[in-house]
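Observations on the three-dimensional arrangement
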Amino acid sequence: MSEVVMMRLKAGFRKPDLVILAIVGVLLLLWVVDSPQALESAAFTLENLWWISPFLLASVVIAGYAQASGADSLIAGVFKGRVVSMIFLAAFFGGLSPFCSCGVIPLIAALLAMGVPLAPVMAFWLSSPVIDPAMFVLTAGTLGTGFAVAKTLAAIGAGLLGGFFVHAVVQGGFLRDQVKQGAGCNTGCGSPLARAGKPNWAFWQEKERRGRFATSALDNTLFLGKWLTLAFLLESLMLVYLPGDLISQVLGGSGVQPVVLATLVGVPAYLNGYAALPLVAGLIGQGMQPGAGLAFLVAGGITSIPAAMAVFALVRVRLFLLYLVLALTASLASGLIYNLVV
């Protein structure tokens, strides 16, 4: 196993990695123009990586175990003919899971690596970052129980919309081979070793399977680690350099326009989900439509730049653009519907 790890590390050092170069470049540039912020951004990034490390470790171990033991092909087989029910389950589970927009990425990578079809993965991917149990309580306390329920329904609705749309597109023969190499597979990507016979749940008893586990674990750790590092680094800059007053000015007003603007602003403008609640509450108190606030929170949770970068790291451009379109559509629809209901 140690030989496999050393070979992977040597290969990584021989080939320059653009993501790592980007991380170093951003820190160096930031050190030149604002050295105190460079230190704060580095600390922020390390703190968030530490926070997410249990999820990352769990996903790496699960994916590695599935591939080394041969369970990945079995898991892929379980989903055959059950995609519709899985979309419902994924959307509802996503609305209840305790994952943020970046924290969900390791789990998504593990699901893709185990061969789970794209449709239920997309359903979970869209619904999970919007709400979680702690967020529900804080949202209810800040904006009211009705708003918290609406946000939960918006999360589930986004998952169902994305899941069934992707399912229909896949059934039509599109979106094939959309997962990047090293980030999983949408058709069940167990190794030939894992597919060769019955699963060996005690894979560590075989040298070849131990090597497969080491390779999978190392590849996934390096792949996810570098992208999450860059995502958290950019998040720290947005929280500092994106003024909340500007967002307040853009999202004011009435009619359909504020909902549309809130959706568009929510895509690139990252605000921590918890930090965004008092901002939205203040804007609503100043006369902004509740639907615009809901659209902003849904769009920001799903497609903020750090989260979008993590998505881009896993899938090809076509699926990435579809992800953005589905997120925009779900956010806009949730805001407009909420305005009509309220």
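Residues numbered from 1 in each chain as written. Predicted model: local features only at pLDDT ≥ 70, side-chain atom pairs only at ≥ 80, totals over all residues. Heavy atoms only, no water.

A few words on the overall build of the chain. Looking only at helices and strands, the chain has 17 helices and zero strands in total. By residue count, 50% of the 342 residues in the chain fall in the buried class. When contacts within the chain are restricted to residue pairs at least 6 apart in sequence, those whose partners lie at least 24 apart make up 83%. With an accessible surface of roughly 15,800 Å², the chain has 70% of that area assigned to carbon and sulfur atoms. (Helix = DSSP H or I, 4+ residues; strand = E, 2+ residues; numbered from the N terminus. Buried < 20%, exposed > 50% of the residue type's maximum accessible area, 1.4 Å probe, protein only. Contact = heavy atoms within 4.5 Å. Areas by Shrake-Rupley, 256 points an atom, 1.4 Å probe, with all protein chains shown as cover.)

With that settled, consider the packing of aromatic side chains. Under the counting rule described, the total for this entry stands at five aromatic pairs. Considering the side-chain rings of Trp-125 and Tyr-323, the 5.8 Å spacing of their centres and the 55° angle between planes classify their relative orientation as tilted. In this pair, Trp-125 sits in helix H7 (residues 118–127) while Tyr-323 sits in helix H17 (residues 317–341), placing the two residues 198 residues apart along the sequence. Accessibility classification places Trp-125 together with Tyr-323 in one group, the buried group. Measuring from centroid to centroid gives 5.6 Å for Phe-147 and Tyr-338, while their planes differ by 90°, and the two rings are edge-to-face. Here Tyr-338 lies in helix H17 and Phe-147 lies in helix H9 (residues 145–171), a separation of 191 residues in the sequence. Looking at Tyr-338, the relative accessible area reads 15%, which means it is buried. (Phe/Tyr/Trp six-rings, centres within 6.5 Å; stacked < 30°, edge-to-face > 60°.)

Over its 25 residues, H17 runs 36 Å from end to end, which matches the ideal 36 Å to within 8%, given 1.5 Å per residue. The complete set of buried residues in H17 reads Leu-319, Phe-320, Leu-322, Tyr-323, Leu-326, Ala-327, Ala-330, Ser-331, Ser-334, Gly-335 and Tyr-338. (Expected span 1.5 Å × (residues − 1).)

Of all hydrophobic cores here, the largest spans 81 residues; its most connected members are Ile-108, Trp-125 and Leu-314. By residue number, the principal contributor to this core is helix H11 (residues 207–241), which donates nine residues. Residue contacts for Ile-108: discarding those within four places in its chain leaves Val-121, Phe-124, Trp-125 and Leu-314. (Core = buried A, V, L, I, M, F, W, Y, C linked by side-chain atoms within 4.5 Å.)

What follows is about the confidence of the model for the chain. The predicted model of the chain averages 77 in pLDDT, with 75% of residues at 70 or higher. Within the chain, helix H10 (residues 192–195) has the poorest average pLDDT of any element, 38, and H9 the best, 93. Below a pLDDT of 50 lies the segment residues 184–196, which in the model reaches 40 contacts outside its immediate sequence neighbourhood of four places, other chains included. (pLDDT = per-residue confidence, 0-100.)

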